[in-house]
Amino acid sequence: MFQTEIDKAIILNNLHEKGWSRAGCLQENLLIEYRDYLDKCSWYNYHVKGGQTNPISDRNTAPSNCSCVSMHDVILAPHWFEVSLYMTEIVKEYFNSKNIVLYSYNTFYSNPAGSDYMGVQNWHTDSDSEIFLAMFMYLTDVMVIEDGPHAFEQRNGERIDIYGPAGTIFFADTRQMHMGHKPKTKARGMTWARWSTDPNPRTYSIDGLSPIDRTLIGERFPKNTVTQNIIRKVVC
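What counts, and at which threshold
Residues numbered from 1 in each chain as written. Predicted model: local features only at pLDDT ≥ 70, side-chain atom pairs only at ≥ 80, totals over all residues. Heavy atoms only, no water. Disulfide = S-S within 2.5 Å. Buried < 20%, exposed > 50% of the residue type's maximum accessible area, 1.4 Å probe, protein only. Pairing = 2+ DSSP bridges. Helix = DSSP H or I, 4+ residues; strand = E, 2+ residues; numbered from the N terminus. Axes fitted to C-alpha atoms, helices over the stretch in contact; angles between N-to-C directions. Contact = heavy atoms within 4.5 Å. Phe/Tyr/Trp six-rings, centres within 6.5 Å; stacked < 30°, edge-to-face > 60°. Lys NZ or Arg CZ within 6 Å of the ring centre and 35° of its normal. Core = buried A, V, L, I, M, F, W, Y, C linked by side-chain atoms within 4.5 Å. Expected span 1.5 Å × (residues − 1). Bend = angle between axes of the 7 residues up to and from the residue. 1 Å grid on protein atoms, 1.4 Å probe; cavity = no way out; pocket = protein on both sides within 12 Å on 5 of 7 lines; lining within 4 Å. Points joined across faces, edges and corners; volume = space filled by probe spheres on them. Nonpolar A, V, L, I, M, F, W, Y, C, P; charged D, E, K, R; others polar. Salt bridge = Lys/Arg side-chain N within 4 Å of Asp/Glu carboxyl O.

Asker: Quick question: what am I supposed to make of the state of the cysteines here?
Answerer: Here a disulfide denotes a covalent bond joining the sulfur atom of one cysteine to the sulfur atom of another. In this structure the tally under the stated criterion is 0 disulfides. The closest cysteine sulfur to the non-disulfide-bonded C68 is located on C66, 8.8 Å from its own sulfur. Residue classification places C68 among the buried positions, given a relative accessible area of 0%.

Right, here's the structure in full:
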């Protein structure tokens, strides 16, 4: 699944020390399958779908300069759901708790046109719940500042930009200050998954999220009852 082996100990150490950590890179063929699936889905204005019911005709000309798909389509797309299940073991150890919930998936693109997207492309903190953790993956190459890297303020106060090729995965405790630089030359794609120790994270209802029926993902639905409980907010 990953281009290189994932070192859980290094990831956990980085998370505790810095508040973020690289977590490998998805194999290129799997990334292509994931992107190709979502390219055929309905896209919506803004970086989260919320209660929108009318898709836009072209994600590259979204009025807000950000476009997204529904959480259900992210789950139905191949591979990211499996990546998040694999990474859940790391999240349990980071939280030092088995009582966690995986509550949010999203994929969005930021376009280079227009002004900054307020609230995302400015320094801010997230307040999904008291304790939560996000995992991101770049869908496009983010190698220079013009590509729109994710910027993050580490626990020591140092602000850094996170670079990597398409498929780069990283965890970030976004209760800390962070932002996405606005891309300058081409759209930047990003996917996330989020976990919390709160059974009802506040943004779950704010973003209008609801679980997808397990029958729609067939054999991909985990047989382990502990895992089923963890994903109950996204698949049931």
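Asker: Help me understand the sheet that holds strand β4 (residues 101-110) in this model?
Answerer: What links the strands of a sheet is backbone hydrogen bonding, and the strands pair in either a parallel or an antiparallel sense. Ordered by their spatial adjacency, 7 strands build an open sheet running β1-β8-β5-β10-β4-β3-β2, and the pairing between neighbours is antiparallel. Single-partner strands in this sheet number two, and they are β1 (20-25) and β2 (44-45). Bridge count for strand β3 (residues 66-68) against β4 is 3 bridges, and the pairing is antiparallel. In the sheet register, S67 faces β4, and the bridge partner there is Y109.

Asker: Is there a simple way to think about the sheet that holds strand β6 (residues 150-153) in this case?
Answerer: Pairing in this open sheet of 3 strands is antiparallel, and the strands run β7-β6-β9 from one edge to the other. Each of the sheet's edge strands pairs with one partner strand only, and the pair in question is β7 (159-162) and β9 (178-180). Averaged over all pairs of adjacent strands, the angle between strand axes in this sheet comes to 20°, irrespective of strand direction. For β6 and β7, the ladder comprises 4 bridges, and the chain directions are antiparallel. Following the sheet pairing, E153 is matched in β7 by R159.

Asker: How do you make sense of the environment of I131 when you look at a structure like this?
Answerer: The residue I131 is located in the loop between β4 and β5 (132-138) in this model. Given the relative accessible area of 33%, I131 is considered partly exposed. For the pair I131 and T197, spaced 66 residues apart in sequence, the C-alpha to C-alpha distance is 6.0 Å. Contacts of I131, omitting those with residues within four sequence positions, involve F95, R175, W195, S196 and T197.

Asker: What's the story with the packing of aromatic side chains in this structure? I'm lost.
Answerer: Both the distance between ring centres and the angle between the ring planes are used here to describe each pair of aromatic rings. A complete count under the given rule lists 8 aromatic pairs for this structure. Cluster of aromatic residues (ring-pair linked, three or more members): F136, Y138 and F170. Taking the ring centre of W43 as reference, the NZ or CZ of R59 above it sits at 4.8 Å. The ring of W192 carries R194 above its face, with NZ or CZ at 4.2 Å from the centroid.

Asker: What's the story with the nonpolar core in this structure? I'm lost.
Answerer: One finds W80, M87, Y105, F171 and W195 to be the most contacted residues of the largest nonpolar core, which totals 51 residues. Mapped onto this core, the elements with two or more residues apiece are α1 (8-18), α2 (28-39), α3 (71-76), α4 (80-95), β4, β5, β8 (168-172) and β10 (188-196). Counting residues per element, this core draws most heavily on α4, which supplies 8 residues. Listed in part, the 16 residues of the second largest apolar core include W20, Y44, A134 and W192.

Asker: Help me understand α4, please; the structure alone is not making it clear to me.
Answerer: Residues spaced three or four apart along an α-helix point in a common direction, a consequence of the helix completing one turn every 3.6 residues. The first and last C-alpha atoms of α4 sit 21 Å apart over 16 residues, in line with the 22 Å expected at 1.5 Å per residue. Its maximal kink placed at T88, α4 deviates by approximately 35°. Of all the positions in α4, only W80, F81, V83, S84, M87, T88, I90, V91, K92, Y94 and F95 are classed as buried. Within two residues after α4, N96 carries a phi angle of roughly 55°, on the positive side.

Asker: Would you take a moment to explain the layout of surface pockets for this structure?
Answerer: Where empty space is left can be seen by rolling a probe of water-molecule size over the atoms. Quantified by volume, the largest pocket comes out at close to 410 Å³. In terms of lining residues, the largest pocket is bounded by 24 residues, among which H47, H124, D126, W192 and R194 are the most central. Among the secondary structure elements, those contributing two or more residues to the lining of the largest pocket are β4, β9, β10 and α5 (202-206). Top contributing element to the lining of the largest pocket by residue count: β10, with 4 residues. For the lining of the largest pocket, the residue count by class is 8 nonpolar, 10 polar and 6 charged. The volume enclosed by the second largest pocket comes to roughly 200 Å³.

Asker: Looking at this structure, I do not really get the pattern of salt bridges. What am I missing?
Answerer: Pairs can form between side chains of opposite charge once their charged atoms are near each other. Counting across every chain of the model gives 11 salt bridges. Where R194 meets D126, a salt bridge forms, and the shortest distance between an N and an O atom there is 3.3 Å. Of this pair, R194 sits in strand β10 while D126 is found in the loop between β4 and β5, placing the two residues 68 residues apart along the sequence. Overall, the relative accessible area of 6% leaves R194 in the buried class.

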